Amino acid sequence: MATTPEIFEQSFLVEKKHLDEQNHVNNVQYVQWVQDVARAHWEVRATKEQNDKFFWIVVKHEISYKQQAFLGDKILLQTYVGETSHVKSTRHVIIKNADSGKVLVEAKTTWALMDQEKKKPAKISEELKKVFQQ
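Just so it is clear, the structure is predicted and the values come from calculations on it, not from any experiment. Throughout this document, residue positions are counted from 1 along each chain, in the order its sequence is written. Predicted model: local features are reported for residues with pLDDT of at least 70 only, side-chain atom pairs are reported and counted for 80 or more only, and whole-chain, interface and lining totals are derived from all residues. Side-chain metrics in this entry use all non-hydrogen atoms of the structure; hydrogen atoms and water are not considered.

1. Considering the overall build of the protein chain
Per the secondary structure count, the protein chain includes three helices and five strands. Numbered from the N terminus, helices here are DSSP runs of H or I no shorter than four residues, and strands are runs of E no shorter than two. Mapped in sequence order, the helices and strands of the protein chain form the string β-α-α-β-β-β-β-α. The globule rule used for comparison is 2.2 Å times the number of residues to the exponent 0.38, while the radius of gyration itself is calculated over C-alpha atoms. The globule rule puts the C-alpha radius of gyration for 134 residues at 14 Å, and the 16 Å found for the protein chain is close to it. Evaluated residue by residue, the protein chain yields a buried proportion of 39% over its 134 residues. Taking all contacts inside the protein chain whose residues are at least 6 apart in sequence as the whole, residues at least 24 apart take part in 67%. In this scheme, a residue with accessible area under 20% of its type's maximum is buried, one over 50% is exposed, and one in between is partly exposed, where area comes from a 1.4 Å probe on protein chains only. By the convention used here, residues are in contact when the closest approach between their heavy atoms is within 4.5 Å.

2. Things to note about the nonpolar core
Ranked by size, the top nonpolar core spans 17 residues in total, and within it Tyr30, Trp33, Ile75 and Ile95 carry the most contacts. At the level of elements, α1 (27-45), β3 (74-84), β4 (88-97) and β5 (103-115) are the ones that each hand at least two residues to this core. Beyond its immediate sequence surroundings of up to four residues, tyrosine 30 is in contact with Val25, Tyr65, Gln67, Gln68, Ala69, Ile95, Leu104 and Val105. Take the buried Ala, Val, Leu, Ile, Met, Phe, Trp, Tyr and Cys residues and link them wherever side-chain atoms come within 4.5 Å; each set so joined is a nonpolar core.

3. Quick word on the environment of serine 89
Checked against the element boundaries, serine 89 lands in strand β4. Serine 89 gets classed as buried once you look at its relative accessible area, which sits at 5%. It is 8.5 Å that separates the C-alpha atoms of serine 89 and isoleucine 124, two residues lying 35 residues apart in sequence. Leave out the neighbours within four places in its chain, and serine 89 touches Trp56, Val81, Glu83, Thr84, Thr109, Thr110, Trp111 and Ile124.

4. A look at the environment of arginine 91
You can see arginine 91 is positioned in strand β4. Beyond its immediate sequence surroundings of up to four residues, arginine 91 is in contact with Ala38, His41, Thr79, Tyr80, Val81, Ala107, Lys108, Thr109, Trp111 and Phe132. A polar contact is formed between the side chain of arginine 91 and the side chain of histidine 41, at a distance of 2.9 Å. Under the rule applied, a polar contact is a pair of N or O atoms within 3.5 Å (in protein, one hydrogen donor and one hydrogen acceptor; residues adjacent in sequence only if both atoms are side-chain atoms).

This is how it looks when you write it as structure tokens:
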């Protein structure tokens, strides 16, 4: 049975703290946003019990920078979970200028599910896979 991933979104305005010395959003800031939106998606969709039992760590980031963003730009973050294996899942993040719709950044990150108590990788169950599906 085919499943459809849920697309989770957040938006906000670029602030001065997000900028680098060229006065556009710092590349490191985009990495932070990729991590922040992933965490927010998990925290919103997972149950309290799942949040208490598990956490996620980044194994790999792949980021393509397409356009620049500047002070006052409205940013739209969109994320969804794609492929999932035994203990890892691939998350896709698209960062856009909310007004123009232009893609600023595309990211693909690999995350590993960790057991909170054992601090070791945990198997991603069918129940956990459903957390990120519509």
